[in-house]
Amino acid sequence: MKKNVLALSIAAMIGGLGFANIASADVVRGTGAPGAGGVYVTDRTLLTATDTVDLAVTQGGTGHSLVVPYFNAQNGNMTVLHVVNTDTVHGKLAKVRFRSAANSDDILDFQVFLSPGDTWTAAVTAAASGVAQLTTADGTCTLPALAKNVPQSFVTDRLSDKVGDIANQTREGYVEIFNMANIDASKIYGATNNANSTLYTAIKHVNGVAPCTSAALDATLVNLAAQADARALGLDTPTTGLMGDWYIINVAQSTTFAGAATALTAVTTAGGATAGRGNFVHFPQNATAAPTPETFSSDPLFRVNFTRNNVNAPVTTAAIRAANYDLPDLSTPYTLNAAAAAVVDTRVQAYNLTKALAVTSITNQYANDPTITAKTDWVFSMPTRRYSVAANYAATTTTADNYRLYTTLDTGGGAYATWFAPENTALQGGLICVNSTGQSFWDREETSRTAGAVFSPGSVSQTRFCGETSVLSFADTGNSVLAASVARQNVAAGAASGPFTNGWSVIGTGNAFNTTLGGTYSAPGTTNSVVLASVAYASQAGLPILGSSFIKLTNPQAAAGTVGTYGITWPHRFTK
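About the cut-offs
- Residues take numbers from 1 onward in each chain, read along the sequence in its written order.
- With the structure being a predicted model, the display of local features is reserved for residues of pLDDT at least 70 and the display and counting of side-chain atom pairs for 80 or more, all residues being used for whole-chain, interface and lining totals.
- Side-chain descriptors were evaluated using all non-hydrogen atoms of the structure, hydrogens and water having been removed beforehand.
- Numbering goes from the N terminus for both helices and strands, where a helix is a DSSP run of H or I of at least four residues and a strand is a run of E of at least two.
- One less than the number of residues in a helix, times 1.5 Å, gives the span that helix is expected to have.
- Think of it in three bands: with a 1.4 Å probe and only protein chains considered, a residue is buried below 20% of the maximum accessible area for its type, exposed above 50%, and partly exposed in between.
- Side-chain atoms alone can form a polar contact between residues adjacent in sequence; in general such a contact is a pair of N or O atoms within 3.5 Å, and within protein one must be able to donate a hydrogen while the other accepts it.
- What makes a nonpolar core is a set of buried Ala, Val, Leu, Ile, Met, Phe, Trp, Tyr and Cys residues whose side-chain atoms join them at distances within 4.5 Å.
- We call two residues contacting when some pair of their heavy atoms lies within 4.5 Å.
- Any pair of cysteine sulfurs within 2.5 Å is marked as a disulfide.
- Note on aromatic contacts: the rings of Phe and Tyr and the six-membered ring of Trp form a pair at centre separations within 6.5 Å, being stacked when their planes are under 30 degrees apart, edge-to-face when over 60 apart, and tilted otherwise.
- Charges are assigned to positions over rings by a cutoff of 6 Å between ring centre and Lys NZ or Arg CZ, combined with an angular limit of 35 degrees from the ring normal.
- Strand pairing is assigned whenever DSSP detects at least two bridges linking the two strands.

Asks: Mind showing me how you'd approach helix H5 (residues 346-357) here?
Replies: Think of an α-helix as 3.6 residues a turn; residues three or four steps apart then line up on the same face. Compared with an ideal rise of 1.5 Å per residue, which puts 12 residues at 16 Å, H5 spans 17 Å between its outermost C-alpha atoms and is within 8% of the ideal. Judged by how many residues are buried, H5 sits mostly within the fold: 11 of 12 residues are covered. Those residues of H5 not exposed but buried are Thr-346, Arg-347, Val-348, Gln-349, Ala-350, Tyr-351, Asn-352, Leu-353, Thr-354, Ala-356 and Leu-357. The opening residue of H5, the one whose side-chain oxygen lies 2.6 Å from the backbone nitrogen of Arg-347, is Asp-345.

Now the structure itself:
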């Protein structure tokens, strides 16, 4: 593990490069039957059968994947992450990816090997250079290795000054965490088939310390195209059990905000709640060109098939040549097609997950009482927007037709679907924006206002979600609660133009529009083409939004030497 792929240059992969025809498959459907307790007892040639067909937001808080809706390292803030493997039988081989708040660009990714019952922790802070960095004091194994208490700088190669200051873009965003594969605890390995795999032995803590044997971890730096190849290393199809938490702390300001990661579960029936096993979705953490990405990602920057630009012209050359470390992502096929019992298309996966997160309204409270110096920021995070629309920085300017690229999603029944299209997106300083459908404010005494609330800059009386993870600051144009500056707008202050001092608000996100699909697209996995008629398609309802209200206040009567600054975090309430 001498080469740190976290710092490998990605910029060289941007531009007019085609994809090599690499015969490889890292999304593998398990077909074997489990032994007692879901663990193999004799067979190491087949992965435990994939039995999931849909994705759901988990009510219980644990899942196959996690989304931390927001991290912040601005103005002295530090964000701390906790990822817990609540499964006390299986280990988890998890992918962790940090994405920028601007347009969801990858700014750091690596793999974490969680042993049964293990917890991994790390903190995001700003370095002296202004670029965010990740530091951990945890002994859990990672690939590449994250040395204890040695900061790992975020990578800026995929960012662009078309969006603003590059270092600033690393200091806000969100986090994706996926269980790519289980690490098998069965003793069916070794010369006599009665020992744990070398990988399990390397990641299992002994007297509180994980050996993290380099040779065992590096053995995963290969494409595992067959079930037997994965089983030989001690890997299996992924089960649920990941749990995550986060908090943003500012020591100088004595303020803390906290919340739970949103858990996503692969379930065994459409719209159901029973967790099962997903597809094996491990990809090696290296810079080798990835397999044909149409098979593995819905990201418009990686694709050609069913991808179009802002004037509805089909894309013929991928904007970015994907590497293995770009995968998996939230659109990588994790479940089966219910009808065909085959690995699901990436566009179906993106559709299913976006539909699970889509909401038609957002409601929360705000407080701006000057007597307690109250301030409020609302965070809106759209972790699946990237799989429908992305910013192509290789375009000549932000106004070029190919700056915004779109993937046309599939409902799984052969019908096209879209939440984001040229008709409902716009640009603001290089950020991709989408409008709400209006908002209403109430004070705490039943008085309401539906007009006159001006959002600045400008005079648009409508919330605009600019950026992948945006912040709305109430009555504070300065360093507000979170000091957000990557993707932020402000509610103008003043009784005549702004909201009430304290109260609640609801923002509509119905997202109703018509889009015209047209052009010729290659069918996924084939050289055939499909002509989409130039006819109108109705948008899908809602927008895929997560987030919270962050309220900061000060007690003016706090005694000398007593901390009088407090932070409140209230998750948004939604309608579907």
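Asks: Looking at this structure, how should I read the nonpolar core?
Replies: The biggest cluster of nonpolar side chains holds 83 residues, and the ones touching the most others in it are Phe-113, Ile-183, Leu-235, Phe-280, Phe-380, Phe-465 and Ile-545. Examining the composition of this core, we find that 5 residues originate from one element, strand E10 (residues 172-183), more than from any other. For Leu-235, the residues in contact, after removing those within four places along its chain, are Leu-47, Leu-93, Ala-181, Asn-182, Ile-183, Leu-199, Leu-224, Ala-230 and Phe-280. By size, the runner-up hydrophobic cluster in this structure holds 40 residues, among which are Phe-110, Val-131, Val-155 and Val-175.

Asks: How do you make sense of the state of the cysteines when you look at a structure like this?
Replies: A covalent bond between the sulfur atoms of two cysteines is referred to as a disulfide. Summed over the entire model, instances satisfying the criterion amount to 2 disulfides. Two residues, Cys-141 and Cys-212, share a disulfide whose sulfurs are 2.1 Å apart. The S-S bond linking Cys-141 to Cys-212 shows a torsion near -95°; that makes this disulfide left-handed. On the criterion of sequence distance, the pair formed by Cys-141 in strand E8 (residues 141-143) and Cys-212 in the loop between helix H2 (198-203) and helix H3 (214-218) is long-range, its members being 71 residues apart. On the accessibility criterion, Cys-141 (1% relative accessible area) is buried.

Asks: I tried to follow the packing of aromatic side chains on my own but got confused; where do I start?
Replies: For any pair of aromatic rings, geometry is given as the distance between the ring centres together with the angle between the planes. Enumeration over the complete set of coordinates arrives at 19 aromatic pairs. A centroid spacing of 6.3 Å and a plane angle of 75° characterise the contact between Trp-378 and Phe-380, whose relative ring orientation is edge-to-face. For Trp-378, a relative accessible area of 0% gives the class buried. According to the relative accessible area criterion, Phe-380 is buried, its value standing at 2%. Grouping aromatic residues by their ring pairs yields a cluster made of Tyr-366, Trp-378, Phe-380, Phe-441, Phe-465 and Phe-474. Its end group placed over the ring of Tyr-406, Arg-308 keeps NZ or CZ at 5.7 Å from the ring centre. Directly above the ring of Phe-306 sits Arg-347, whose terminal nitrogen or CZ lies 4.0 Å from the centroid.

Asks: Help me out: how do you make sense of the sheet that holds strand E26 (residues 448-449) in this one?
Replies: In a beta sheet, neighbouring strands are held together by backbone hydrogen bonds and run either parallel or antiparallel to one another. Overall, antiparallel pairing links the 5 strands, which are arranged E26-E25-E31-E17-E37 in an open sheet. Of all the strands in the sheet, just E26 and strand E37 (573-575) have a single pairing partner and so form its edges. Two elements, strand E17 (residues 361-367) and strand E31 (residues 502-508), share 7 bridges in a ladder whose sense is antiparallel. Pairing of Asn-364 across the sheet is with Ser-505, part of E31.

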